[in-house]
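# Chains, contacts and geometry: an overview
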Amino acid sequence: MEFRPNWAKNQTYKCLLLGDSGVGKSTFLRRHVTGKFTEQHVPTRGLLVHTLLLQADYQAVALELWDVAGNARHGGLQNGYYFHAKCAIVMFDLSVESSAISVVQWLRQLEDICGPEIPVVICGNKADLMPMPLNLLYRRRSRLDYCEISARAAWNLDEPLSLLCRRLLNKSNLVLISQPILKPLPGCVLDEQKIRRRVKDIRKNALSEKDGEVRLRTATKGQRIVLN
Ligand SMILES: Nc1nc2c(ncn2[C@@H]2O[C@H](COP(=O)(O)OP(=O)(O)OP(=O)(O)O)[C@@H](O)[C@H]2O)c(=O)[nH]1
Ligand SMILES: [Mg+2]
């Protein structure tokens, strides 16, 4: 039997792509749209919108990605950009502490306007680089996920999208199918096992509502960044 996605029934969701300047938001989007990786950082001015057509099992989903300038000088995030957003990816650079520290501000701004129920994926990019030495912690919430990717190594680029689609469609085991196969840049290798273990630990150590604040108070402050 031939399988055809039912594009007539597709649903479009507006998805904000947020994070500090230089974390790789436009690169992530470009990789998905054209397959290409660009070495130089050309800051986005204002914003760029691109719709990704995704095929989940037996269902088509369109994510309209709003790639917003990370730097306020280049337009930054205007309140109007948030209207009708159904989900967001808040990106940071796994090798740059300040970009992880900023995640909390991006989330706060997002939730002030869109409410705390909006599905969000906190996404660490540049997993191919030496990670910052600090531990990353987040508060566990029903609509929040964490993942790591590398746009340079073309590694795990679908995960933020599939995590969002799971939340949006309320299907916890949804998988995306038929994604193009992207190649890593020559010479770009990463230790997948090691990164997967790290992500597993970060997810496992996420702070629960019950014990979160107690654990936060007792944890050594200088050794960790709390993302939300
Ligand atoms: N090593 C490495 N570099 C990356 C990766 N992804 C993006 N970059 C580099 O990061 C720089 C910034 O990327 P952009 O995608 O322009 O960053 P941005 O978040 O869109 O920045 P603004 O538009 O200023 O908000 C570029 O030099 C990219 O080549 C990655 O996975 N690994
Ligand atoms: Mg950009």
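Criteria and thresholds
Residues numbered from 1 in each chain as written. Chains lettered and ligands numbered in written order. Predicted model: local features only at pLDDT ≥ 70, side-chain atom pairs only at ≥ 80, totals over all residues. UniProt positions renumbered as here; feature names shortened; annotations may be inferred. Pairing = 2+ DSSP bridges. Helix = DSSP H or I, 4+ residues; strand = E, 2+ residues; numbered from the N terminus. Near = placed C-beta within 6 Å. Nonpolar A, V, L, I, M, F, W, Y, C, P; charged D, E, K, R; others polar. Buried ≥ 20, exposed ≤ 12 C-beta atoms within 10 Å, placed from the backbone. Contact = placed C-beta atoms within 7 Å.

The name an unreviewed UniProt entry gives the protein is GTP-binding nuclear protein Ran, with Drosophila rhopaloa as the organism. The UniProt entry for the protein carries this comment under Subcellular location (unreviewed entry): "Nucleus".

Taken in spatial order, the 7 strands make up an open sheet running β7-β5-β4-β1-β3-β2-β8, and their pairing is mixed. Lying at the two open borders of the sheet, with one neighbouring strand each, are β7 (144-148) and β8 (176-177). Direction of pairing for strand β2 (residues 47-56) relative to β8: antiparallel, over a ladder of 2 bridges. Within the sheet, the bridge partner assigned to Ala56 lies in β8 and is Leu176.

So, about the site of ligand 1. Contacts to ligand 1 come from 25 residues, most closely from Ser21, Gly24, Thr44, Gly70 and Arg152. Among the elements that make up the shell around ligand 1, the one with the highest residue count is helix α1 (residues 25-34) (3 residues). Residues that form the shell around ligand 1 fall into these classes: 6 nonpolar, 14 polar and 5 charged.

Within the secondary structure, Met132 sits in the loop between β5 (120-125) and β6 (135-137). Here Met132 falls in the partly exposed class, since 18 other C-beta atoms lie within 10 Å of it. Expressed as a C-alpha distance, the spacing of Met132 and Glu97, which sit 35 residues apart in the sequence, is 6.3 Å. Excluding residues that lie within four positions of it along the chain, Met132 makes contacts with Leu94, Ser95, Val96, Glu97 and Ala100.

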